[in-house]
Amino acid sequence: MDAVSLSTLLVAAAAAGWVDAVVGGGGLLLLPALLVAAPGLPVATALGTNKLAAIFGTSTAAVTYARRTTVDWRVVGPAAGLAVVSAGVGAALAGAVPASAYRPVVLVVLVSVAVFVLLRPRLGVVALPGRRTPVRVVVAIAVAGVGIALYDGLIGPGTGTFLVLAFTTLVGADFVHGSAMAKVVNAGTNLGALVVFAVTGHVWWLLGAGMAVCNIAGAVLGARMALRRGAGFVRVVLLVVVLALVAKLGHDQWVAR
């Protein structure tokens, strides 16, 4: 790999770490960068290398959030445990499920999310602890630890965003605390998927280690910025990331075919 391609990937890893720490969706930047900078790289190897970089960034962001705000471990503890297993299953199935099978569904979900957030300007701006009923807690754990984690193992981009929205809508977290909770679960999904990709030989270790350092730097900056600027800032970044994901998946579905 030449110096220009390597530099591009390191910058993309730092930017992905920042986006992931604020609201998730860093894979939107890093996965395409990997595939462009390393032509011929198998998709599974790109996914595995991305997970190696991402697990360091999400773990760093999770620690940063946990030191400066509260994390509801009754929700994220079980969800993170389930996420390790579910993401591993998703990673094992990654080569068997074509992108065309899930891309339209994810597009519909993302458009619905964008409309939902736009029509509810107060969503996530303030916490709604009254929503944290036992039933909603169980649903949130299942959605985050099984459904979203499985998706992360399969392909990944947007996982952190889905997690933030799950915790915001299901258990009434504000966007800052929802992002903190999402980072813990996302670290679990990255670990589960990484183990499977590593066992099957789909991790470019040296490149992934270099990107991990940059991902950590971006994650620290992003988490501190989200904590300092608050839920309104996270909401804006969330909308930008969701719209970018819609544009990227729409391009892959109808333009790049």
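Cut-off values and rules
- Residues numbered from 1 in each chain as written.
- Predicted model: local features only at pLDDT ≥ 70, side-chain atom pairs only at ≥ 80, totals over all residues.
- Heavy atoms only, no water.
- Helix = DSSP H or I, 4+ residues; strand = E, 2+ residues; numbered from the N terminus.
- Rg over C-alpha atoms; globule rule 2.2 N^0.38 Å.
- Buried < 20%, exposed > 50% of the residue type's maximum accessible area, 1.4 Å probe, protein only.
- Contact = heavy atoms within 4.5 Å.
- Patch = residues over 30% accessible without salt bridge, like charges linked within 9 Å, V, L, I, M, F, W, Y side chains within 5 Å.
- Areas by Shrake-Rupley, 256 points an atom, 1.4 Å probe, with all protein chains shown as cover.
- Salt bridge = Lys/Arg side-chain N within 4 Å of Asp/Glu carboxyl O.
- Polar contact = N/O pair within 3.5 Å; in protein donor to acceptor, adjacent residues only side chain to side chain.

A. Broad picture of the overall build of the protein chain. When helices and strands are counted, the protein chain shows 10 helices and 0 strands. Along the protein chain, helices (α) and strands (β) appear in the sequence α-α-α-α-α-α-α-α-α-α when read from the amino end. Against the 2.2 N^0.38 benchmark of 18 Å for 257 residues, the protein chain shows a C-alpha radius of gyration of 17 Å, consistent with a compact globule. Viewed in the frame of its principal axes, the protein chain has a C-alpha envelope of about 50 × 35 × 30 Å. Scored against the burial criterion, the 257 residues of the protein chain give a buried share of 56%. Intrachain contacts of the protein chain at a sequence separation of at least 6 include 83% that bridge at least 24 residues.

B. The environment of P42, seen in detail. Looking at the element boundaries, P42 is found in the loop between α2 (27-37) and α3 (43-68). A relative accessible area of 42% means that P42 is categorised as partly exposed. Once the C-alpha coordinates of P42 and R67 are considered, the two residues, 25 residues apart in sequence, prove to be 38 Å apart.

C. Fine view of a nonpolar patch on the surface. On the surface, M1, L6, W204 and L206 cluster together into a nonpolar patch covering about 420 Å² of accessible area. When you line up the elements, L6 lands in helix α1 (residues 3-22).

D. Focus on the side chain of D152. Along the chain, D152 falls in helix α6 (residues 134-154). One polar contact links D152 to T189, side chain to side chain, over a distance of 2.5 Å.

Honestly, that's just the spatial picture; any functional story needs more than this.
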